[in-house]
Amino acid sequence: MSDAYVVGDPDGLSPLQVELRDAIARELHAQLALRGERVELADLPEVSYQITLRVDETLRGNRSRRHPSVRPGRRQSPE
């Protein structure tokens, strides 16, 4: 059972899943606005790429909030 469910989140999603869902929704909304409310089959690779960038930004932001010493784009040396 997820922690989100235990604390009463009605979606049953973890905080990270909520952030990812919201980032994906924001990017889809932006892409649809740019493309006149319609995504053509030929546009799917670009839309998918843009969504991937938003997911990456969300994951990097989440990582840096949990571990302030790790900066996005920099690898931490193994100890």
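Bear in mind that the values here come from a model prediction, so they are computed numbers and not experimental data.

**Side note on the overall build of the protein**
Phase 1: Summing up its helical and strand segments, the protein has 3 helices and 0 strands in all.
Phase 2: Order of helices (α) and strands (β) in the protein, N terminus to C terminus: α-α-α.
Phase 3: Counting only residues that meet the buried cut, the protein has 13% of its 79 residues in that class.
Phase 4: Partitioning the contacts of the protein with sequence separation of at least 6, the portion at a separation of at least 24 is 37%.

**Side note on the side chain of Asn62**
Phase 1: Looking at the element boundaries, Asn62 is found in helix α3 (residues 44–66).
Phase 2: At 3.2 Å, the side chain of Asn62 and the side chain of Glu19 are in polar contact.
Phase 3: In contact with Asn62, other than residues within four places in its own chain, are Leu16 and Glu19.

**Points about the packing of helix α2 (residues 15–34) against α3**
Phase 1: Between α2 and α3, the least distance of the axes is 9 Å, while the angle of their chain directions is 145°. Here the hand of the crossing between α2 and α3 comes out right-handed. Of the residues in α3, those touching α2 at Leu16, Glu19, Leu20, Ala23, Ile24, Glu27, Leu28 and Gln31 are Val47, Gln50, Ile51, Arg54, Val55, Thr58, Leu59, Asn62 and Arg65.
Phase 2: Grouping the amino acids of the contact of α2 with α3 by side-chain chemistry returns 9 nonpolar, 4 polar and 4 charged.

**Side note on α3**
Phase 1: With 23 residues, α3 ought to run about 33 Å at 1.5 Å a step, and its terminal C-alpha atoms sit 33 Å apart, in line with that.
Phase 2: Residues Val47, Gln50, Ile51, Thr58, Gly61 and Asn62 constitute the buried set of α3.
Phase 3: Where α3 is buried, its residues touch α2.

Calculation criteria
Residues numbered from 1 in each chain as written. Predicted model: local features only at pLDDT ≥ 70, side-chain atom pairs only at ≥ 80, totals over all residues. Heavy atoms only, no water. Helix = DSSP H or I, 4+ residues; strand = E, 2+ residues; numbered from the N terminus. Buried < 20%, exposed > 50% of the residue type's maximum accessible area, 1.4 Å probe, protein only. Contact = heavy atoms within 4.5 Å. Polar contact = N/O pair within 3.5 Å; in protein donor to acceptor, adjacent residues only side chain to side chain. Axes fitted to C-alpha atoms, helices over the stretch in contact; angles between N-to-C directions. Left-handed = near helix turned anticlockwise from the far one by under 90°. Nonpolar A, V, L, I, M, F, W, Y, C, P; charged D, E, K, R; others polar. Expected span 1.5 Å × (residues − 1).

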